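The primary structure of each chain is shown beneath.
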Amino acid sequence: ACSMPEKVPPPVIKKRVDTLMLKGLEMEKEFARGFVGKGVELLVDESGSGGYCGGYTSEYVQVKVIGASLEKGALVKATGVDLQGDSPILIAERS
């Protein structure tokens, strides 16, 4: 591409990147939304002081479990209940 005579202008590149990033986020949210109402298992990698723990499922969905404060490295079974605001983070309750 660098040897091609006509280069893509930086504003066009930025617009394309922004469009693709937005599309990727929407796809990530849609994938995570598929786990609402379903059982998940996550590996805890974060234990928050606000009475939650967080981690990732084997499908790489980021999860926050409400009302659970567990050690890092613990495997937790939970049920997805919703997404956190406008993010792809799955909010879950411990099963």
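Above this note sits the structure.
The rules we used
- Residues numbered from 1 in each chain as written.
- Predicted model: local features only at pLDDT ≥ 70, side-chain atom pairs only at ≥ 80, totals over all residues.
- Heavy atoms only, no water.
- Helix = DSSP H or I, 4+ residues; strand = E, 2+ residues; numbered from the N terminus.
- Contact = heavy atoms within 4.5 Å.
- Polar contact = N/O pair within 3.5 Å; in protein donor to acceptor, adjacent residues only side chain to side chain.
- Core = buried A, V, L, I, M, F, W, Y, C linked by side-chain atoms within 4.5 Å.
- Buried < 20%, exposed > 50% of the residue type's maximum accessible area, 1.4 Å probe, protein only.
- Patch = residues over 30% accessible without salt bridge, like charges linked within 9 Å, V, L, I, M, F, W, Y side chains within 5 Å.
- Areas by Shrake-Rupley, 256 points an atom, 1.4 Å probe, with all protein chains shown as cover.
- Salt bridge = Lys/Arg side-chain N within 4 Å of Asp/Glu carboxyl O.

A short note on the environment of Ser-47
Here is step 1: Along the chain, the position of Ser-47 falls in strand β1 (residues 39–48).
Here is step 2: Separated by 14 residues in the primary sequence, Ser-47 and Val-61 have C-alpha atoms spaced 17 Å apart.
Here is step 3: When near neighbours in sequence (up to four residues on either side) are disregarded, Ser-47 contacts Tyr-52, Cys-53, Ser-69 and Leu-70.
Here is step 4: At a separation of 3.1 Å, a polar atom in the side chain of Ser-47 contacts the main-chain carbonyl oxygen of Leu-70.

Regarding the nonpolar core
Here is step 1: Leu-42, Val-63, Val-65 and Leu-90 are the most contacted members of the largest nonpolar core, which totals 16 residues.
Here is step 2: Contributing elements (two or more residues each) for this core: β1, β3 (62–66), β4 (75–83) and β5 (90–94).
Here is step 3: Not counting residues within four places of it along the chain, the set of residues in contact with Leu-42 comprises Gly-54, Gly-55, Tyr-56, Thr-57, Val-63, Val-65, Ala-74, Leu-75, Val-76 and Ala-78.

Some points on a nonpolar patch on the surface
Here is step 1: Taken together, Val-8, Val-12, Ile-13, Val-17 and Met-21 make up a surface patch of nonpolar side chains, about 410 Å² in accessible area.
Here is step 2: Locating Val-12 in the fold gives a position in helix α1 (residues 10–33).
Here is step 3: Under the relative-accessibility criterion, Val-12 is labelled partly exposed at 33%.

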